[in-house]
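# Reading the structure
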Amino acid sequence: MSEPNNHRLYILFMRLLDCQLLNEEKEALRQLFFTHPEILRQYAYFIYFQEAIHGQLTSALQGNDLSDAPETQRELLDMIRQETLACGGPSGKNLLFTGPVESTSRSSLTPQEQERVREVEKRANRQLEAFLEEQRQQRLAWEHIQRDSRRESIDLHAAMERWVRRMSIVIRWTRRAVVAIAALVLCVLTVWGTFQYIYSHRIVAVLDKTSNVQWAISPKVSELCPGPRRLEQGIAQITFKDGAQVLLQAPCEFCLKSSNSMQMFTGSLITHVPPRAHGFVVETPNGRIIDFGTEFGVAVNDITQTEIHIFQGKVGFKSSKKVPRLTQSILEQGDAMQINSEGNIRRDQVINRPHLFIRAFPPNDAWGIPGVRIDLADIVGGGNGFGTGLRYDPTTGQGSLNPMTGRLDDTWRPGNQEYTPAYYHLAPSPQFIPSLNIPYIDGVFIPDAGKAVCIISSEGNVFTECPDTDGMIKWNVNNGWQYATQEIGSLNTRELIDSPGISMHANCGLTFALDPMRHALPGIEISRFTARAGMPVNSIPKLGEIDLWILVDGHVRFHEYNIRTGQMFDIQIPLHVEDRFLSLVVTDSQTEEAEYWSQNDWCHFIRPTLILTQKDRM
């Protein structure tokens, strides 16, 4: 730093006196004191002047120590002392600002001035000694603080060590406690898990026999444990440990709960409960069925409607729905009941739907297989499409459907056996007749556009292409071949007798309802209709002649005109999820060659089938 002018020094001295010097200004002034003695001398005069005027030597020295090092500080103070005492003679204010100061001997001073110098010297010495003592005390205090800080840090470290040791003990014991608790919990969970495993893997039922079955997850052994299952195809028979026997029809979702109870989500079952298994429970989405020694059937469809049929004994039913109607009921032999999703109950009689359930294990040659295909001929016999319907018996009329009344087993006998119009039934009007109590049949009708519009379903679908027929019929619609009981000859072949089939005389119409089938077969889709149809044989071949029609929701999907004896056709009609009604129609031919009207006009459908497909496999 270059030597500053007097004005700059005065500013620095004043800032030093007022304790306003910055650190870098302090260091610069200290360097000037050691390198320029005349500046030190000027500062000494400045101090003297301030002492003489204000007596602030001590504050100037105390508040502005220019060095933190004790040796440098003492040296600097000694220099300031000597210079201050040396300049004690003159007292002019301008002395500090007129350039270098020359020493003046005391001998040239008056006695009063010398006395004044001595007083200043004594006061300066006292102030200096007090300042040095104060500096020493501050240094000792600082050293004491540093020693205390070191001692405190050592104590803090020791305290941390003690805390760590204590915490390690706590952690060790906590770890032991946690390990002990974990071991206890693990032991409890192991015991509980073992109990649950044993309980859930106990044998509650045995799979006795099956027919054409396919499971969602096939059981590896015949012994069955509690848990949910899905039978996708076929029929399975299960016997519970307490003795109840259950026949399950696919598609069926259920859960085995105990050795004397189960839960039915969807599907159909029939139970045979011996006396030792009384109290057998079947839970459904609509309620709880408790057996009192019975044979009963339960069907749950995909819209959570439950139907219960009591074949023997009685059961108790408790609804799971809180409705103001009766929620508890006793059903006895012959009773039937339907419970919808809202809990509303409708009572009925088993006789009105006698063949809804498979009550016995079907024969191996049964055409209808649950989850695979539906036998429509079985439905004409009052069955559910899986072998529960009755085959046609010409002596009793069982296994047939009257096309004019829509009733099962409703026989009629013509009054005149000769081939005249009196031998036939002439429908009073071609109206649609609903069949309310026959599963999956919407109704029957007489196709004759010459009398009225031909309505073919309960929803009012119209057969617009219907011809003008003579309106005469000779047979009921039969489950099986019309002439199956006659001797094997020109009218019969083994295929006609043994195969499932539907026999229809001319001028008959039959409509199947597809939606009820879908509801009864949850998880299943109806993909197509198949059959082999035509006029297989005839006693008078030249007389037989028919027209054949297959309609879906009133739209013609298949037709053949002027079919004569020996002509058979393979039919494949795709069905979609929006299709609701399938109609089979046979009319007399529109040619004029038939001598006896509809005398020998008939059609036979061999293996009329609805093909079923799993929804997730389409």
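Residues numbered from 1 in each chain as written. Predicted model: local features only at pLDDT ≥ 70, side-chain atom pairs only at ≥ 80, totals over all residues. Heavy atoms only, no water.

## Quick word on the packing of aromatic side chains
As enumerated under the stated definition, the model contains nine aromatic pairs in all. Ring plane angle 70 degrees and centroid distance 5.7 Å describe the contact between Trp 481 and Tyr 483, whose orientation is recorded as edge-to-face. One exposure class covers both Trp 481 and Tyr 483, and it is buried. An aromatic cluster of three or more residues is present, and its members are Trp 475, Trp 481, Tyr 483 and Trp 602. (Phe/Tyr/Trp six-rings, centres within 6.5 Å; stacked < 30°, edge-to-face > 60°. Buried < 20%, exposed > 50% of the residue type's maximum accessible area, 1.4 Å probe, protein only.)

## Re the nonpolar core
Leu 376, Ile 502, Phe 512, Met 517, Phe 529, Phe 605 and Leu 610 are the most contacted members of the largest nonpolar core, which totals 65 residues. Other than its neighbours up to four places away in sequence, Phe 512 contacts Leu 376, Ile 379, Val 380, Tyr 440, Ile 441, Asp 442, Ile 502, Met 517, Arg 580, Phe 581, Leu 582 and Leu 584. Counting residues in hydrophobic clusters, the runner-up holds 34 residues, among them Ala 205, Phe 240, Ala 244 and Phe 296. (Core = buried A, V, L, I, M, F, W, Y, C linked by side-chain atoms within 4.5 Å. Contact = heavy atoms within 4.5 Å.)

## Quick word on the side chain of Asn 301
Structurally, the position occupied by Asn 301 is in the loop between β8 (295–300) and β9 (306–312). Judged by its relative accessible area of 13%, Asn 301 falls in the buried class. At 3.0 Å, the side chain of Asn 301 and the backbone nitrogen of Ile 303 are in polar contact. Setting aside its immediate chain neighbours within four residues, Asn 301 contacts Thr 266, His 519 and Ala 520. (Helix = DSSP H or I, 4+ residues; strand = E, 2+ residues; numbered from the N terminus. Polar contact = N/O pair within 3.5 Å; in protein donor to acceptor, adjacent residues only side chain to side chain.)

## Looking at the pairing of strand β10 (residues 314–319)
The pairing of strand β7 (residues 287–291) with β10 spans five bridges and is antiparallel. Each bridged residue has a counterpart across the sheet, and for Arg 288 the counterpart in β10 is Lys 318. (Pairing = 2+ DSSP bridges.)

## Points about the confidence of the model for the chain
The predicted coordinates of low-pLDDT regions are not to be read in fine detail. Taken as a whole, the chain shows an average pLDDT of 80; of its residues, 75% reach a score of 70 or greater. Within the model, the stretch residues 55–69 combines pLDDT values under 50 with 33 contacts to residues more than four positions away or in other chains. (pLDDT = per-residue confidence, 0-100.)

## Quick word on the sheet that holds strand β22 (residues 508–513)
In space, the six strands of this open sheet follow the order β17-β18-β22-β27-β24-β25, with antiparallel pairing throughout. Edge positions in the sheet fall to β17 (433–434) and β25 (555–563), since each of these pairs with one other strand and no more. When β22 meets strand β27 (residues 581–588), the two strands line up antiparallel, connected through six bridges. Opposite Phe 512, over in β27, you have Leu 582 as the bridge partner.

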